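Each chain is listed here by its residues.
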Amino acid sequence: MDDEYTDDYYDTISVNSSVPNRKSVSYGRNPFNRSQSQNTVYYSLMNLDGGEMMEMNGRWDDKNKEATTYEKWRNLKWNSFSTGESVDYVLAYEDISKPGHAHFEDKRKMFEFNLQQAGLLLERDETQTIHFVKIHAPKSVLCQYAELLKLRLPIKLNDQERVTNILVKTLNKILDYCSLKVDKSIFPSERYKLTFEYSRDKDYLFDSNSPDFFKTSTRIMIIDYILEREKYGDDLNSNGIKKLLSEGVYKAAYPLHDGDLNRENSKRKLLLDHWASVSQWIKYQPIDEIKEYFGVKFALYFTWLGFYTHMLIPAAIVGLLCFLFGIFSLHKDVVVDDMCNMDIVMCPRCDKYCDYWKLSESCTYAKIQHFIDNPATIFFAVFMSFWATLYMELWKRYSAGITHRWGLTGFDLLAEPPRPEYLMRLANVKKRKLNVVTLVEEPAVSYWKVKLPSMIFSFSIVLLWILLTLAVVFGIIIYRMSLMTSEVIYSYSIKYTIYTVPVIAAVLNLICIQLLSFLYDKLAHKLTEMEIHRTQTEYDDSHTLKSYLFQFVNYYSSIFYIAFLKGKFVGYPAKYNRIFGYRQEECNPGGCLMELSIQLGIIMIGNQALNSFLEMTIPLAIKMYKTFKVSTGIERAEKEKQQVIICCNQWTEDYKLNEFNESCLFQEYLEMVLQYGFVTIFVTAFPLAPLFALVNNVFEMRLDAKKFIKYYRRPVPTRVKNIGVWYQIMTTIGRLSVISNAFILAFSSNFIPKLVYILKVSENHTEDGFLNHSLAVFDVRDFENGTAPEKSVFSNITTCRYPEYRSGPYDDPKYKRPLVYWQVMVARLAFIVAYQNLVSFVIMAVEWAIPDVPRRLNDQIKKEAYRTNEMILQYEAQQAKEKVRRRYRDGPSNSQESLGNESRKNTSTRSSGVFYDAVA
């Protein structure tokens, strides 16, 4: 053994042990020699077998144990190396001897050896059943990889004080007075600093000696980049921590929280108390602090969610006013009054088993529908189309300022490093392609021969699942039809069936939606992996698109059926159009808007309530299970090793938490974008949708924050420029909502038929007589064989009414479409065209009037680039002057020779004029 002593190495030991001599021995770099590794990062300094201190490099004094309490231990270094360095990242594994796991130790040794070769500092904690490898990134490694990853870091040049106009100052004073802004005493606002792409050659630009130059989020991101690319074997595909985790070599890999939930003044504790608390619902979010703690991608989600929630306020107010208008104008509605008071006998709702029924039985239904379908609905539909466009345009402007403040203005997708899975799959590919941004050759595959066929295959599977979803919806429709003819429904009054059938079908549809979503989510990841995406952003966008296409059909197909298909192709009592022998469903005489509202409300509110419940209970249950499993394992280790007190620290606390992965944020985005679809596409059928969405989001924002802080490990920060493909999806939803609301107003409500009646039919141009005009007459002798009611409480019934525009039984020809039907149809189509063009014009005007990037921000970006370039030129000019002075001091002859050599070497500098200006 080598007797040379190196730097002191402190290994993690139990709390009740003290170490008098902490010198360690330097050995060779062979990680596979156990005898030469007893005092390195691969083995602990103490052997806990039987509770006896074993001699490794000298003997530990077992008599110097200090009994300590938990409170005293908390005052020690909670998340640091024994030598004082901060723990940036942790690897956890279970050192057990099982058949087939003998090679795990070799893989760990090789992997950790390569991490050391990359410059990372490692220290091992083997005092518990789960062993931990603590990782720290020194400054030299951070500088090297910051340049490689092209990170934009703050420079010494400070930004000038920004000038705010009087409107902004007034608004800030109002917000301060109402205590809505972030409390600066808790989250002090940092002065904005200019950023520049880091380069070690331009270190003079950066204040790299500042202790806060590399934020914790930057350190974590760099270490994660190294972990994902270091090798653990000789095989070309044997690299990356993700593969080691999948094979079970390591049980977990995660960055540390900066403290537990009881540690005062830790950022985690501050965020939990002053951001994640529901009591803070009315205050702004500390988005800069969220970005520093969780990273840009995470913070951008909560920034978007907060902006979207604030934008819901005017939509919720207008929707509530329209709903209240329907309530207060109910007593003036002629149609509702006629429906409740007129003695009209309606035709049976189903064949053979259903009886005739009085139209007055649907009086309550008609009153509730008036709350939704009233003259204010058309205004609300136009307002929401304008709101959707305004929301997208304002978010684009707001996000441009946020990403600039976070140093992501110049971030390009090509500058994003390739995914480790991408490099592993293409390890044997000979074809290389030059990245035009990083100027590094990367493996590449043919788009036409590899990528396109895989994308066609994956989207074919998506199409298959979409068809499966439509089949499920079709099955529910058949079930609804069968309910109307069942004796169970028939035994109750008909006035209850118009409520029970939609509710039962909607709840059943919600259950099927959740089940299909769970199954499809597993498949979507595998399909996306087949497409060989280069970067994580491309992978996320592709996975998002496939998932949303399926979820769009899964959530909205039943609503589209009620809005656009139900009751439109029913036929008439003498000749009903049937599916599998069942009559198609009919709308109530007042239209299908009320049933559409029931379906929409149950799916939207039920889905949000279920997701909120599961999001809080499942992570808590998993954490409790992991805590129980870890604690029982530790207790067993205590009995076997006779340990009195077990060390407690941040890495063991975080090990009990749930793993944070990319699907966590994806599910949050998906839930909110689906909600956005309910709020915009079908808002005319449910004016209270923005209000329910607003209430949900106020609590969702804080509960999500609490969930991620309390129950999840700290995520690895990820750089993104925007919210990705979700923006394009929401833009498409906004365009689709214009068409959808136009068709709902035209075909699912009585707005157009009433308008035609007032203008063309009514003599006094009022709604008087509209109800009787919209109901066709049917002679009961014309029923198809076996379809007339077998039993009836009504006597002497010769005719019944049904909601349609058809000629009567005494006309020739009978039961045909009259002229007024075609007039209403033309009016409906004309309304759709006029509505769509009007709203499209308003949308174009809004998009034209609001630029994507504010003019002031655009000027600021240019000014910052100019000032940074000036600083670089001035420094280089100063350096050139000093070189000239040194040459002249060395002697004229030497200086002329040096100048000649320098002029030949620096043609690029000569072309820019910097060198000659310096000489002058």
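This write-up is about the structure you can find in this document. (Residues numbered from 1 in each chain as written. Predicted model: local features only at pLDDT ≥ 70, side-chain atom pairs only at ≥ 80, totals over all residues. Heavy atoms only, no water.)

## Considering the pairing of strand β15 (residues 775–779)
We apply this condition: Burial status follows relative accessibility: with a 1.4 Å probe on protein chains alone, a residue under 20% of its type maximum counts as buried, one over 50% as exposed, and anything between as partly exposed. Secondary structure elements follow DSSP: runs of H or I no shorter than four residues count as helices, runs of E no shorter than two count as strands, and numbering proceeds from the N terminus. The pairing criterion is simple: DSSP has to find at least two bridges between the two strands.
With respect to burial, β15 is a largely interior element, 4 of its 5 residues being buried. Relative to strand β16 (residues 799–803), β15 runs antiparallel, the two sharing 5 bridges. Across the sheet, Ala776 pairs through a bridge with Tyr802, a residue of β16.

## Considerations on the pairing of strand β1 (residues 89–94)
Each regular strand carries side chains that alternate between the two faces of the sheet. Across the 6 residues that make up β1, a large majority, 5, are buried. Sheet topology note: the β1/strand β6 (residues 252–255) ladder contains 4 bridges and is antiparallel. Bridged to Val90 within β6 is Tyr254.

## A look at helix α8 (residues 287–294)
The α-helix winds at 3.6 residues per turn, so residues separated by three or four positions along the chain end up facing the same way. How we decide: In this description, contact between two residues means that some pair of their heavy atoms is separated by no more than 4.5 Å.
Summarising burial for α8: 7 of the 8 residues are buried, a large majority. Regarding α8, the residues found buried are Ile287, Glu289, Ile290, Lys291, Glu292, Tyr293 and Phe294. Buried residues in α8 make contact with α5 (216–227), α7 (267–274), α9 (296–328), α12 (376–405) and α21 (689–711). Count one or two residues on from α8 and you reach Gly295, which has phi positive near 105°.

## Notes on the packing of aromatic side chains
Here is the rule we go by: Stacked, tilted and edge-to-face are the three classes applied to pairs of Phe, Tyr and Trp rings, where Trp contributes its six-membered ring and a pair requires centres within 6.5 Å; stacked means planes under 30 degrees apart, edge-to-face means over 60, and tilted covers the rest. Charge-over-ring contacts are defined here by two conditions on Lys NZ or Arg CZ: a distance within 6 Å of the ring centre and an angle within 35 degrees of the ring normal.
A complete count under the given rule lists 61 aromatic pairs for this structure. The interplanar angle of 55° and the centroid separation of 5.8 Å between the aromatic rings of Phe298 and Phe660 together place this pair among those described as tilted. Here Phe298 is found in helix α9, whereas its partner Phe660 is found in the loop between α19 (650–655) and α20 (662–681), with 362 residues between them in sequence. As far as the burial class goes, Phe298 and Phe660 line up, both buried. Ring geometry for Tyr308 and Tyr676: centres 6.0 Å apart, planes at 70°, overall edge-to-face. In this pair, Tyr308 is assigned in helix α9 and Tyr676 in helix α20, connecting sequence segments 368 residues apart. Taken as a pair, Tyr308 and Tyr676 share a single burial class, namely buried. It is Lys134 that lies over the ring of Phe81; its NZ or CZ is 5.7 Å from the centre. Sitting over the ring of Tyr293, Arg714 keeps its end group 3.9 Å from the ring centre.

## Some details on a positive patch on the surface
Applied cut-off: For patch building, the residue pool is restricted to those with more than 30% relative accessible area and no salt bridge; the joining distance is 9 Å between like charges and 5 Å between nonpolar side chains (Val, Leu, Ile, Met, Phe, Trp, Tyr). Computed with a 1.4 Å probe, the accessible areas rest on the Shrake-Rupley method; for each residue, only the protein chains presented here act as cover. Should a side-chain nitrogen of Lys or Arg be within 4 Å of a carboxyl oxygen of Asp or Glu, the pair is scored as a salt bridge. By the counting scheme adopted, Arg and Lys are positive, Glu and Asp are negative, and His together with the chain ends is not counted. Charge positions come from single atoms, namely NZ of Lys, CZ of Arg, CG of Asp or CD of Glu.
Taken together, the side chains of Lys881, Lys883, Arg885, Arg886 and Arg889 present a region of like positive charge at the surface. Along the polypeptide, Lys883 turns up in helix α26 (residues 855–890).

## Some details on the packing of α9 against α12
Where we set the bar: For helices, the fitted line uses only the C-alpha atoms of the stretch in contact; every axis is such a line through C-alpha atoms, and the angle between N-to-C directions lies from 0 to 180 degrees. Working definition: roughly parallel below 35 degrees, roughly antiparallel above 145 degrees, roughly perpendicular at 65 to 115 degrees, and oblique for all remaining angles. We call a crossing left-handed when the near helix sits turned anticlockwise from the far one by less than a right angle, and right-handed when that turn is clockwise. For this classification, the nonpolar set comprises Ala, Val, Leu, Ile, Met, Phe, Trp, Tyr, Cys and Pro, the charged set comprises Asp, Glu, Lys and Arg, and every other residue, Gly included, is treated as polar.
Remark: α9 packs on α12, axes separated minimally by 10 Å, with the N-to-C direction vectors making an angle of 165°. One finds that α9 runs roughly antiparallel with respect to α12. Here α9 and α12 pass one another in a crossing that is right-handed. Here the contact of α9 with α12 is composed, by residue class, of 23 nonpolar, 2 polar and no charged.

## What about the pattern of salt bridges?
Under the defined criterion, the tally for this structure stands at 30 salt bridges. Measuring nitrogen to oxygen at the nearest pair gives 3.7 Å for the salt bridge that ties Asp704 to Lys707. Of this pair, Asp704 and Lys707 both sit in helix α21, 3 residues apart, roughly one helical turn. Taken as a pair, Asp704 and Lys707 share a single burial class, namely buried. Across the pair Glu804 and Arg817 runs a salt bridge, and its minimum N-O distance is 2.7 Å. Pair noted here: Glu804 is in the loop between β16 and α25 (819–849) and Arg817 is in the loop between β16 and α25, with a separation of 13 residues, a long-range link. Through salt bridges with shared partners, a single network forms among Glu112, Arg124 and Glu126.

This is a description of form; function is not addressed.
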